[in-house]
Amino acid sequence: MRNTAKKLPFACDPVRVTQDDVEDAIRTILTWIGEDPSREGLSETPARVARAYKS
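Residues numbered from 1 in each chain as written. Predicted model: local features only at pLDDT ≥ 70, side-chain atom pairs only at ≥ 80, totals over all residues. Heavy atoms only, no water.

A. Seen up close, the side chain of Glu-23. Considering the arrangement of structural elements, one finds Glu-23 in helix H1 (residues 19–32). For Glu-23, a relative accessible area of 13% translates into the label buried. In contact with Glu-23, not counting residues within four places along its chain, are Pro-46, Ala-47 and Ala-50. (Helix = DSSP H or I, 4+ residues; strand = E, 2+ residues; numbered from the N terminus. Buried < 20%, exposed > 50% of the residue type's maximum accessible area, 1.4 Å probe, protein only. Contact = heavy atoms within 4.5 Å.)

B. Representation of the pattern of salt bridges in the model. Tallying each qualifying case throughout the model produces three salt bridges. In this structure, the salt-bridge partner of Arg-27 is Glu-23, at a minimum N-O distance of 3.4 Å. Of this pair, Arg-27 and Glu-23 both sit in helix H1, separated by four residues, roughly a single helical turn. You can call Arg-27 partly exposed: its relative accessible area is 32%. (Salt bridge = Lys/Arg side-chain N within 4 Å of Asp/Glu carboxyl O.)

C. Broad picture of the packing of H1 against helix H2 (residues 45–54). Contact pair H1 / H2: the axes reach a minimum separation of 8 Å and the direction vectors enclose 120°. With respect to each other, H1 and H2 are oriented oblique. For the crossing formed where H1 meets H2, the hand is right-handed. Each of Gln-19, Val-22, Glu-23, Ile-26, Arg-27 and Leu-30 in H1 lies in contact with H2, whose residues at this interface are Thr-45, Pro-46, Ala-47, Val-49, Ala-50 and Arg-51. Here the contact of H1 with H2 is built from residues that sort into seven nonpolar, two polar and three charged. (Axes fitted to C-alpha atoms, helices over the stretch in contact; angles between N-to-C directions. Parallel < 35°, antiparallel > 145°, perpendicular 65-115°, else oblique. Left-handed = near helix turned anticlockwise from the far one by under 90°. Nonpolar A, V, L, I, M, F, W, Y, C, P; charged D, E, K, R; others polar.)

Right under this line is the structure:
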């Protein structure tokens, strides 16, 4: 099987991406799918997701 993965057009430096950056990105995704990231039940989700990806 051939590797067809494409390289990103930019380099990510994980040292420069902060926990807050990741949480903001998750809030953006939640908003994009029609959710309210500040509603009860979702307000802690960005932090949970960021921790899950970090570990």
